[in-house]
Amino acid sequence: MSVLFDDVSVARGGRTVLHSIDLEVGTGRIVGLLGPNGSGKSTLLRALFTGQRPHAGRVLIDGADVSQLAPRTLARTVSVMLQDSPSEFDLTVRETVLVGRSPHRPPFSRDTAEDQRIVDEALRTADVHDLGDCLVRRLSGGQRQRVMLARALAQSGEILLLDEPTNHLDIAHQLDLMRVVSGLGTTVIAALHDLNIAAAFCDDVAVLDEGRLVAFGPPDTVLTPALVDEVFHVTARVAIEVDTGARAMTFHPRQSAG
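Just so we're clear, the structure is a prediction, and the values are computed from it rather than from any experiment.

Q: Tell me about the sheet that holds strand β8 (residues 187–191), and please be specific about residues and values.
A: Reading across from one edge, β6-β7-β8-β3-β9-β10 is the order of the six strands in this open sheet, with mixed pairing throughout. Each of the sheet's edge strands pairs with one partner strand only, and the pair in question is β6 (78–81) and β10 (212–217). Taking the axes of each pair of neighbouring strands and ignoring which way they run, one obtains an average angle of 15° across the sheet. Here β6 pairs with strand β7 (residues 159–163) via four bridges, running parallel. The partner of Ser79 across the bridge, within β7, is Leu160. Relative to strand β9 (residues 204–209), helix α9 (residues 225–232) is tilted by about 35°, and along the sheet it contacts β3 (30–34), β9 and β10.

What follows is the structure in structure tokens.
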């Protein structure tokens, strides 16, 4: 499924936090949202699953305005992995992941064998299958993050939204999570902090700065030292790995004048 942000602006607390965003994400593409803290990445994600309705413009899924979709239809279409959800931390891991199946069954109905199968698969994919009976509130931050991924996978939407999915994860689990996501074949929009992870796993990156889209396209063409300096206020250097030919950036503080 494709996603189109059509001239989307969002205001919060009397202040515009997203300014006229035009961005198209093709079916099956993985797009990384990059930018400094407060640049509008999470707000743009919320405009898609209606956690934050735009005050101007439209968000379309395959041409349908999300504001016109029934909440249950939208929840079956868009899977969401937000940052930690403390209100659900008194549930076990398995109960938390089962919440992702809610849009697919009538209210107050029992879980089906198919629900259980999908949950089992999500738990294995997110590498938390051995934690099913544990309370989520007793887990480490990294374990909770993988539980949130499992819940999003169990939701089975054709579009997957990820808000800082690698937070709290060690390097191995960061790479594992992004490998899982990149192998799903679904449309993915992920707010990320790590530019090298975005470059390694995303088809395109959208760079936001102060609520404005300043660049969009393949990582190798967008993530230049000049753009990194302008948006992130650090000096970047690009190196090519001899063994793989992969492109990697290192970052350094700006040299102070004088």
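Q: A description of the sheet that holds strand β5 (residues 64–65) should follow, citing residues and the corresponding values.
A: Taken together, the four strands give an open sheet; going across it, the order is β2-β1-β4-β5, and neighbouring strands pair in antiparallel fashion. Two strands lie at the open edges of the sheet, namely β2 (15–25) and β5, each paired on one side alone. In this fold helix α1 (residues 41–48) packs onto β1 (3–12), β2 and β4 (56–61), with an angle of close to 115° to the strand it touches most, β1.

Q: Go over the environment of Ile240, please, and point to the residues and values.
A: Counting through the fold element by element, Ile240 comes out in strand β11 (residues 235–240). Ignoring sequence-local partners within four residues, the contact set of Ile240 consists of Gly245, Ala246 and Arg247.

So, how was this worked out
- Residues numbered from 1 in each chain as written.
- Predicted model: local features only at pLDDT ≥ 70, side-chain atom pairs only at ≥ 80, totals over all residues.
- Heavy atoms only, no water.
- Pairing = 2+ DSSP bridges.
- Helix = DSSP H or I, 4+ residues; strand = E, 2+ residues; numbered from the N terminus.
- Axes fitted to C-alpha atoms, helices over the stretch in contact; angles between N-to-C directions.
- Contact = heavy atoms within 4.5 Å.

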